[in-house]
Amino acid sequence: MYEELKRLLRESEHTVAFTGAGISTLSGIRDFRGKNGVYLEPWHGKPVEEILSLDCFLAEPQLFYGWAKEFIYRLDEFHPAAVHRVLARLEEAGRLDSVYTQNIDLLHRKAGSRRVFELHGSPAQHHCLRCRRRFSYREIAPLVLDDRVPRCECGGLIKPDIVFYGENLDEALLDQAFAELGRARLLLVLGSSLTVQPAASLPLATCRGGGKIVIVNAQPTPLDRYAALRYDDLQAVFDELAAEAWE
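If you're wondering where the values come from, they're calculated on a predicted model, not measured in any experiment.

Glancing now at the packing of aromatic side chains. Aromatic ring pairs are reported here in terms of the distance separating the ring centres and the angle at which the planes meet. Taken as a whole, this structure holds 10 aromatic pairs when the rule is applied. Ring centres 5.0 Å apart and planes at 45 degrees place the aromatic pair Phe57 and Phe164 in the tilted group. Of this pair, Phe57 sits in helix H3 (residues 54-59) while Phe164 sits in the loop between strand E6 (158-162) and helix H8 (171-183); the two residues are 107 residues apart in sequence, bridging distant segments of the chain. Neither Phe57 nor Phe164 differs from the other in exposure class; each is buried. Taken together, the aromatic side chains of Phe57, Phe64, Tyr65, Tyr73, Tyr137 and Phe164 make up a single cluster linked through ring pairs. A cation sits over an aromatic face here: Arg10 above Trp246, 4.4 Å from the ring centre.

Have a look at this one:
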């Protein structure tokens, strides 16, 4: 069932992975748009998508940090799943060139992947909106877990370096992603609904460049018709890939 996928991985001269929240559900982290996604439940009467907007963060930072306490600031409790581990192995074996992820959970790095590009930013770093002083995740997480809104010594509000709704993605990183995916001979689209733009358009760069895309996602995506291979079960696919020797 997966022999063609293994063949593509072994023969591709340039392979890239594009990952979304679905891969982290295997680590116990809820996704956003799935059947049990966090967007289905309002938080204190507000849609989570609104709480994740820059305007809401600036106006009511306590609302964001109250929600994020469970979903962002307990990342030490979660560990890489099969997908994260296999991608790190493939990179080490020279079968995977890079990972572009929509996720902000740091699990790719925890698994050992080195060429990871976080399209929506990362909570690994924070900054003061007034004086621009930098703070690490480990400095901020205890404050949030103590139900405090992090503020700098200067009095400024501290914001995680994640991309909120209403903010633009890093243009240089996006240009890099479109360029590399355009050169890719094989793109693995893993656990992404491919609905959040502009990142969701990235796989089309591989198609336009003549490369092949493989989609593994529980729900249908808008780009399924372009896929050379399409699977629903991430766990099954990566359990199979984990059993391979990728030297």
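With that settled, the discussion passes to the sheet that holds strand E3 (residues 116-118). The six strands are arranged E3-E2-E1-E7-E8-E9 in an open sheet whose pairing can be described as parallel. Both outer strands of the open sheet, E3 and strand E9 (229-231), are each paired with one neighbouring strand and no more. Looking at each pair of strands side by side, their axes are set apart by 15 degrees on average, direction ignored. Looking at chain direction, strand E8 (residues 212-216) and E9 are connected through three bridges and run parallel. Within E9, the position partnered with Ile215 by the bridge is Arg230. In the packing of H8 onto the sheet, the strands contacted are strand E1 (15-19), strand E2 (98-101), E3 and strand E7 (186-190), and the crossing angle to E2 comes to about 130 degrees.

The next point concerns the environment of Asp97. Turning to its location among the elements, Asp97 is positioned in the loop between helix H5 (82-92) and E2. On the accessibility criterion, Asp97 (27% relative accessible area) is partly exposed. Distance in space between the C-alpha atoms of Asp97 and Glu180 is 9.6 Å, their sequence separation being 83 residues. Ignoring any residue separated from it by four or fewer positions in sequence, one finds Asp97 in contact with Glu13, His14, Thr15, Arg115 and Glu180.

The rules behind the values
Residues numbered from 1 in each chain as written. Predicted model: local features only at pLDDT ≥ 70, side-chain atom pairs only at ≥ 80, totals over all residues. Heavy atoms only, no water. Phe/Tyr/Trp six-rings, centres within 6.5 Å; stacked < 30°, edge-to-face > 60°. Helix = DSSP H or I, 4+ residues; strand = E, 2+ residues; numbered from the N terminus. Buried < 20%, exposed > 50% of the residue type's maximum accessible area, 1.4 Å probe, protein only. Lys NZ or Arg CZ within 6 Å of the ring centre and 35° of its normal. Pairing = 2+ DSSP bridges. Axes fitted to C-alpha atoms, helices over the stretch in contact; angles between N-to-C directions. Contact = heavy atoms within 4.5 Å.

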